[in-house]
Amino acid sequence: MSDESRPHRTAAVIPAAGRGVRLGPGAPKALRAIGGTPMLIHAIRAMARSRAVSLVVVVAPSDGAAEVRRLVDEHTLPDRTEILVVPGGETRQDSVRAGLAALPADITSVLIHDAARPLVPVDTVDSVVEAVRDGSPAVVPALPLADTVKEVEPGEPGEAEPVVATPERARLRAVQTPQGFDLATLVRAHEAIAVNGEGATDDAGMVEQLGITVMVVPGHEEAFKVTRPLDLVLAEAVLARRRATDAY
Ligand code: CTP
Ligand code: MG
């Protein structure tokens, strides 16, 4: 079958196997609640809200797949969305690879979306899907930076560090998820690039290493990643505003 005639089917893989060390003590980050609902459930709903996504693969903590399956079954999710739960790995790169391995053969493109970005709007998801369907093998949503960025020679935590370079801010973008890929391209990147240390934190970066051009589309402020305690405060506020204004 030629690429032209092959029907598109898009899945989303949600890596949710991290501990959330920077968020502080408590349950694994993806299971922490925002507005009374686990972050992971918000993230699944955010993917399922896109008409293009008919399958979501959740990558759970390696010892928590059964618990995550129960959690998913307890929450209301659209009937047209199939949800699989698989155990993750030591690094995000291992977890994404486990999610890719669970995809059925008819999937042609894939979104990789952090469970830690529970509030990404559907329009952002759709613009990534659309750019992939229009022929870009790798697409990332991203925003211009507010802060100037310095490259430093890293020292001990808390110590002063010498500046090495100051990249021109107007050329920089802060990258979010979902990142969208032609599935065969992303699988090839994961086969080619071994996990090194903490592994790749950015799937698009792995595709760049194959020499393929990654395209950036506009991201959204509400697609921020919940990383530190202050991010939880912001997520609660965004959700409360949505619930007050959009019957969310
Ligand atoms: N992730 C994963 N498997 C890992 C590590 C991370 O699936 N072994 C997922 C996280 O669950 C999260 C996403 O990758 O949804 C982005 O990672 P990050 O924000 O760094 O989350 P954590 O690794 O959980 O947080 P921390 O680095 O603070 O421990
Ligand atoms: Mg991490």
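All figures in this text were calculated on a predicted structure; none of them were measured in a lab.

(A) Fine view of the site of ligand 1. With respect to spatial proximity, 18 residues lie near ligand 1, and among them P15, V21, R22, S95 and K225 are the closest. K29 places a side-chain nitrogen or oxygen 2.9 Å from an oxygen atom of ligand 1. One of the side-chain N or O atoms of K225 is found 2.7 Å from an oxygen atom in ligand 1. Notes on ligand 1: free accessible area 560 Å², of which the protein chains cover 86%. Looking at the shell around ligand 1 residue by residue, the class counts come to six nonpolar, five polar and seven charged.

(B) Region of the structure containing the pairing of strand 7 (residues 138-144). Within strand 7, five of the seven residues are buried, which leaves the element mostly enclosed by the surrounding structure. Taken together, the two bridges between strand 7 and strand 11 (residues 179-182) define a ladder with antiparallel strand orientation. Bridging from a neighbouring strand, V139 pairs with G180 of strand 11. Direction of pairing for strand 7 relative to strand 12 (residues 215-218): parallel, over a ladder of four bridges. What sits directly across from P141, in strand 12, is V217.

(C) Seen up close, the pairing of strand 11. The sheet contact formed by strand 6 (residues 109-112) and strand 11 spans four bridges and is antiparallel. When the sheet's bridge partners are listed, L111 is paired in strand 11 with G180.

(D) Structural detail: the UniProt feature "site: Positions MEP for the nucleophilic attack" (unreviewed entry) in the protein chain. What UniProt calls "site: Positions MEP for the nucleophilic attack" (unreviewed entry) maps, in this numbering, to R169 and K225. Within the secondary structure, R169 is located in the loop between strand 9 (163-165) and strand 10 (173-175). The class of R169 is partly exposed, set by a relative accessible area of 39%. If we skip the residues at most four places from it in the chain, R169 touches L145, A146, D147 and T148. Residues contacting K225, with those up to four places away along its chain left out, are R22, D114, A116, R117 and D231.

(E) Fine view of unusual backbone geometry. Look at the link from T177 to P178: it is a cis peptide, with omega at 10°. Mapped onto the elements, P178 comes out in the loop between strand 10 and strand 11.

Reading the values: the criteria
- Residues numbered from 1 in each chain as written.
- Chains lettered and ligands numbered in written order.
- Predicted model: local features only at pLDDT ≥ 70, side-chain atom pairs only at ≥ 80, totals over all residues.
- Heavy atoms only, no water.
- Near = heavy atom within 4 Å.
- Polar contact = N/O pair within 3.5 Å; in protein donor to acceptor, adjacent residues only side chain to side chain.
- Areas by Shrake-Rupley, 256 points an atom, 1.4 Å probe, with all protein chains shown as cover.
- Nonpolar A, V, L, I, M, F, W, Y, C, P; charged D, E, K, R; others polar.
- Buried < 20%, exposed > 50% of the residue type's maximum accessible area, 1.4 Å probe, protein only.
- Helix = DSSP H or I, 4+ residues; strand = E, 2+ residues; numbered from the N terminus.
- Pairing = 2+ DSSP bridges.
- UniProt positions renumbered as here; feature names shortened; annotations may be inferred.
- Contact = heavy atoms within 4.5 Å.

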